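Summary of the model geometry
Here is how the chains run, residue by residue.
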Amino acid sequence: MWHTTLFLLVVGSIDAGIVEGSATHGPGSAAPTLAIAGLWLVALGTATAAAASERQLRRQKVDLASLSAMVARLDTSDGAEEIPGILLEELCATFGFERGVVLASPEGDLRVLAATDHVPREALAPGLDPLIERVWTDRAPRLVREIDPAIDPRLGALFPGSRNLLVVPLFHEGGHALGAVVVERGGTTSGLRRWVVSMVAQFVAHAALALHNAWLTEDREAQLETIRGLERQLRAHNLELEVKVAERTEELRETIQHLQDVDEQRRRLLAHVVQAAEEERRRIANDIHDDPVQKMVVLKMRLELLAKANPDLPELDDARDAVLGTIRSMRHMLFDLRPPILDEEGLGPALRYFLDNSEIDAAWAVEDELDTEPSTQTRVILYRIAQEALTNARKHAHADEISVKLQDRDGGVWMGIADDGVGYTPEGSVVAEPGHLGIAAMRERAEMAGGWCTLRSLPGAGTTLEVWLPMEEEADQHMPTVDEGEDVAMAVSPMRIDRIA
Ligand SMILES: Nc1ncnc2c1ncn2[C@@H]1O[C@H](COP(=O)(O)OP(=O)(O)OP(=O)(O)O)[C@@H](O)[C@H]1O
Ligand SMILES: [Mg+2]
């Protein structure tokens, strides 16, 4: 405008003679006017071009502002669901597109994620149109004047009667194709400014990034949710297991308690049986001593008197010898039934006495290191076990040496009996061989008393027996002790029998 005003002013000044024209030109010459008109035209052209680029710059500024507004919306969006809609809205609002669609899916197939009105979303059939494939291969937007449904049936169905479409590939930055955005400008004029195409591509690239990230986040969240679900299941399962374990533990505890009760009863019963057997042995010993032995002694004395009175009858001496032999056998029997030395002198001396009288060929030694003598019951049990082990050594081992050791150990009494005989292979089974009850009985007796009994043997390497019994308080014995049953003890004492004999 100011150019034109300036031009008119200059022309007016020349006409009025205010401004002098060229000296060579006379008044009324048109040359200066033409020169000025030329200059004016140049100035006008320059000004128009400047105005146009200024408008374009302003326009671009607006587009860029829209782009950053869309990025801000994408950033605050609620997830992948919203992003395609935001993209389409912004594209249409910024560039004036009439129709548009966003085709993509996390699984790689194309689905309509967002569409403007007048786009029949349900029209999209599975598959890929060549046009989409082309933009994917080129990785660049493509302008299409109209869609030929015969070539691109899916896009044709989405955009019936389309005009001037821009197809932009949706790529994860530097990665794989996610889908495509198709927008329609409509109208009759074809083509789009390069700036618009590149700006649309920018919008789409930002949205692609946001979409990809949102899908990743959703995927992670889904995985996290699955993990959380599994964790919940695991915790519930754990809880269930813990309850079950607690129940089973309780059941087990009750069962163990029950077994312990049964075992305790069994032990008490066995103890009772053993004690009863011992008492019975003692009673029988007393009876044998009080009656048959006394009578035999009397008989022997009478025979001696008769032999003195009838020296001519040597048969009386034979009869006396026979009676003496019977008395000796009875003495052995009495000792086996209940060795009085066990009560009178203790376990060590009783074992020495047993070995002395047991016709064992091997050399033997008894090392008694006990500080205190065990209770009567413990003594009897250990004596019976030793009796069986030493009898086994005599019967089976063919040993050169047998050693017996007695020690105080771990609050109880430990007894070890070892021979260097032929040895054998002990059976792993706890069930005794029929007719061979000695070892089983040893174990039973030890366990009955709350102790243990082990037997180690190898063919050619001898046999070692170890027994441990807890030290028991002296129980209220039903069997008479030496003090309280002096008569009985004396009666069954081998010394007493010797004296009588
Ligand atoms: N000290 C040993 N040396 C070698 N073999 C042995 C010894 N002690 C036991 N045995 C072997 O173990 C077997 C079982 O012994 P166990 O005392 O149970 O029965 P037994 O002595 O045969 O019969 P019993 O029932 O009269 O004791 C014996 O037959 C013998 O073969
Ligand atoms: Mg035996």
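Everything here concerns the structure above.
In this report, the structure presented in the accompanying data block is examined. (Residues numbered from 1 in each chain as written. Chains lettered and ligands numbered in written order. Predicted model: local features only at pLDDT ≥ 70, side-chain atom pairs only at ≥ 80, totals over all residues. Heavy atoms only, no water.)

1. A look at unusual backbone geometry
The phi angle at His118 is positive, at roughly 70 degrees, despite the residue not being glycine. Structurally, His118 is set in the loop between β2 (111-115) and α4 (130-138). Overall, the relative accessible area of 67% leaves His118 in the exposed class. Within the chain, His398 stands out as a residue other than glycine whose phi angle is a positive 50 degrees. Its location among the elements puts His398 in the loop between α10 (376-397) and β7 (401-409). (Helix = DSSP H or I, 4+ residues; strand = E, 2+ residues; numbered from the N terminus. Buried < 20%, exposed > 50% of the residue type's maximum accessible area, 1.4 Å probe, protein only.)

2. Section: the sheet that holds strand β6 (residues 363-368)
Spatially, the five strands line up as an open sheet ordered β6-β7-β8-β10-β9, and their pairing is mixed. With partners counted over all chains shown, the strands left at the sheet margins are β6 and β9 (452-457), one partner each. Between one strand axis and the next, the sheet turns through 10 degrees on average, direction left out of account. Both β9 and strand β10 (residues 463-470) contribute to a ladder of six bridges, which runs antiparallel. From the neighbouring strand, Arg456 faces β10, where its bridge partner is Thr464. The strands touched by helix α9 (residues 347-356) within the sheet are β6, β7 and β8 (412-419), with β6 carrying the most contacts at an inclination of about 170 degrees. Contacts from helix α11 (residues 438-448) reach β9 and β10, with the element oriented near 150 degrees to β9. (Pairing = 2+ DSSP bridges. Axes fitted to C-alpha atoms, helices over the stretch in contact; angles between N-to-C directions. Contact = heavy atoms within 4.5 Å.)

3. What about the coordination of the magnesium ion (ligand 2)?
Within the first shell, the magnesium ion (ligand 2) binds the protein through Glu388 (OE) and Asn392 (OD1), at distances of 2.0 to 2.1 Å. In this pair, Glu388 and Asn392 both sit in helix α10, four residues apart, roughly one turn of the helix. (Donors = N, O, S within 2.8 Å, 3.2 Å for Na, K, Ca; no water.)

4. Observations regarding the site of ligand 1
Lining the immediate surroundings of ligand 1 are 15 residues, of which Glu388, Asn392, His396, His436 and Leu437 lie closest. Between an oxygen atom of ligand 1 and a side-chain N or O atom of Asn392, the distance comes to 2.8 Å. Relative to its free-state accessible area of 600 Å², ligand 1 is covered by the protein chains to the extent of 78%. Residue assignment for the shell around ligand 1 shows that the elements contributing at least two residues are α10 and α11. In terms of residue count, α10 provides more of the shell around ligand 1 than any other element does, six residues in total. (Near = heavy atom within 4 Å. Polar contact = N/O pair within 3.5 Å; in protein donor to acceptor, adjacent residues only side chain to side chain. Areas by Shrake-Rupley, 256 points an atom, 1.4 Å probe, with all protein chains shown as cover.)

5. Some details on the packing of helix α3 (residues 83-95) against helix α6 (residues 194-309)
When two helices pack together, you describe them by how their axes are tilted relative to each other and by the distance separating the axes. The contact between α3 and α6 brings their axes to 10 Å, and the two run at 165 degrees. Classified by the interaxial angle, the pair formed by α3 and α6 is roughly antiparallel. The interaxial crossing formed by α3 with α6 has right-handed handedness. Where α3 approaches α6, its residues Ile83, Pro84, Leu87, Glu90, Leu91, Thr94 and Phe95 are matched on the opposing element by Val196, Met199, Val200, Phe203, Val204, Ala207, Ala210, Leu211 and Ala214. (Parallel < 35°, antiparallel > 145°, perpendicular 65-115°, else oblique. Left-handed = near helix turned anticlockwise from the far one by under 90°.)

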